[in-house]
Amino acid sequence: FLSIGQIRIKVVEKISTDDKNMYKTIAYIDSYRGIPFVDLHEIYQSTFTQNIFSKMFQAKILTRKGIKYITYEFDYHNQKAYFEHGKLDSFKIIEKYDTITINNYCQDGLSLFFFARQNLYKNELINIPTVVNEKLSNTIINFENIPSYIRCRWKLIFSSFLMFSVAAAAVVALLISFSLL
């Protein structure tokens, strides 16, 4: 394998309300310096319910020209998802607003990772409404539970191989590993 960067994902905060919990999460995606043709620095934030359905998503893309951002707000009661695009320089510049109709609970890119972790042992095919690139699509995850072990330095790591596809995107294989301690 060629290491081109790293992704760090963590739960930042658990928010308890009257009848449910919500979680704020963050993902830092960074390419390593010195890798030719790759200069990737992005920050994703997602807030989702305890059932892991997205309430808010924000992406910040750091470029040589500044910081671009996209914010998704999910309003399930009114069946809408609202998007805001812009730049973050010394002040916020809003470039575009957009709205789509949603008729079900949805995932964003980061909440989809936590949804896959929660449902890892379902042993079934699940069709999940997903908002990716400001479009509503469906992610189909096959939770077949194909167990495998990966040797990593001095220990074995148990993993399950998941196949999933996002409509209007490429088929992707996701490897989620859990260390056996």
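Residues numbered from 1 in each chain as written. Predicted model: local features only at pLDDT ≥ 70, side-chain atom pairs only at ≥ 80, totals over all residues. Heavy atoms only, no water.

J.: What is the right way to read the overall build of the chain from this model?
T.: Broken down by element type, the chain carries one helix and 11 strands. Traced from its N-terminal end to its C-terminal end, the chain shows the element sequence β-β-β-β-β-β-β-α-β-β-β-β. In the chain, buried positions account for 33% of the 181 residues. Taking the contacts inside the chain whose residues are at least 6 apart along the sequence as the reference set, 33% of them involve residues at least 24 apart. Accessible surface, the chain: about 11,800 Å² in total, of which carbon and sulfur atoms supply 55%. (Helix = DSSP H or I, 4+ residues; strand = E, 2+ residues; numbered from the N terminus. Buried < 20%, exposed > 50% of the residue type's maximum accessible area, 1.4 Å probe, protein only. Contact = heavy atoms within 4.5 Å. Areas by Shrake-Rupley, 256 points an atom, 1.4 Å probe, with all protein chains shown as cover.)

J.: Please clarify how helix α1 (residues 109-118) should be interpreted in this entry.
T.: Helical periodicity: at 3.6 residues per turn, an α-helix aligns residues three or four positions apart in one direction. Within the span of α1, buried status applies to L110, S111, L112, F114, F115 and A116. The residue sitting at the N-terminus of α1 and contributing the capping side-chain oxygen is D108; that oxygen lies 2.8 Å from the backbone nitrogen of L110. (Polar contact = N/O pair within 3.5 Å; in protein donor to acceptor, adjacent residues only side chain to side chain.)

J.: What is the right way to read the packing of aromatic side chains from this model?
T.: What characterises a pair of aromatic rings is the spacing of the ring centres plus the angle enclosed by the ring planes. Following the criterion strictly, the structure yields 11 aromatic pairs and no others. When the centroid spacing of 6.0 Å and the interplanar angle of 15° are considered together, the rings of F74 and Y76 count as stacked. For F74, a relative accessible area of 5% corresponds to the buried category. According to the relative accessible area criterion, Y76 is buried, its value standing at 15%. Taken together, the ring pairs in this structure connect Y44, F53, F57, Y72, F74, Y76, F83, Y105 and F115 into an aromatic cluster. (Phe/Tyr/Trp six-rings, centres within 6.5 Å; stacked < 30°, edge-to-face > 60°.)

J.: What is the right way to look at the pattern of salt bridges in this model?
T.: Pairs can form between side chains of opposite charge whenever their charged atoms are close. Under the defined criterion, the tally for this structure stands at four salt bridges. Notably, a salt bridge pairs D30 with R8, separated by 3.7 Å at the nearest N-O pair. Of this pair, D30 sits in strand β2 (residues 21-31) while R8 sits in strand β1 (residues 5-16), and the two are 22 residues apart along the sequence. Overall, R8 belongs to the partly exposed group, its relative accessible area being 37%. The residue E95 makes a salt bridge to K87 at a minimum N-O spacing of 3.6 Å. (Salt bridge = Lys/Arg side-chain N within 4 Å of Asp/Glu carboxyl O.)

J.: Honestly, the sheet that holds β1 in this entry has me stumped. Any pointers?
T.: Adjacent strands of a sheet pair through backbone hydrogen bonds, lying either parallel or antiparallel. On the basis of which strands lie adjacent, the open sheet formed by seven strands has the order β1-β2-β3-β4-β5-β6-β7 and antiparallel pairing. The sheet terminates laterally at β1 and β7 (92-101), the two strands that pair on one side only. Going across the sheet, the axis of each strand differs from the next one's by a mean of 15°, ignoring polarity. Sheet analysis places β2 next to strand β3 (residues 41-49), joined by nine bridges and oriented antiparallel. Counterpart to I29 in the pairing with β3 is E42. (Pairing = 2+ DSSP bridges. Axes fitted to C-alpha atoms, helices over the stretch in contact; angles between N-to-C directions.)

J.: Whenever I open this one, the pairing of strand β6 (residues 80-88) confuses me. Can you help?
T.: A regular strand places its side chains so that they alternate between the two faces of the sheet. Where strand β5 (residues 66-75) lies against β6, nine bridges are found, and the strand directions are antiparallel. Each residue of the ladder has a partner; that of D75, found in β6, is K80. Following β5, the chain reverses through four residues before pairing antiparallel with β6; Q79 in that reversal takes a positive phi of roughly 55°. Across nine bridges, the pairing between β6 and β7 is antiparallel.

That's the geometry; what it means functionally is another story.
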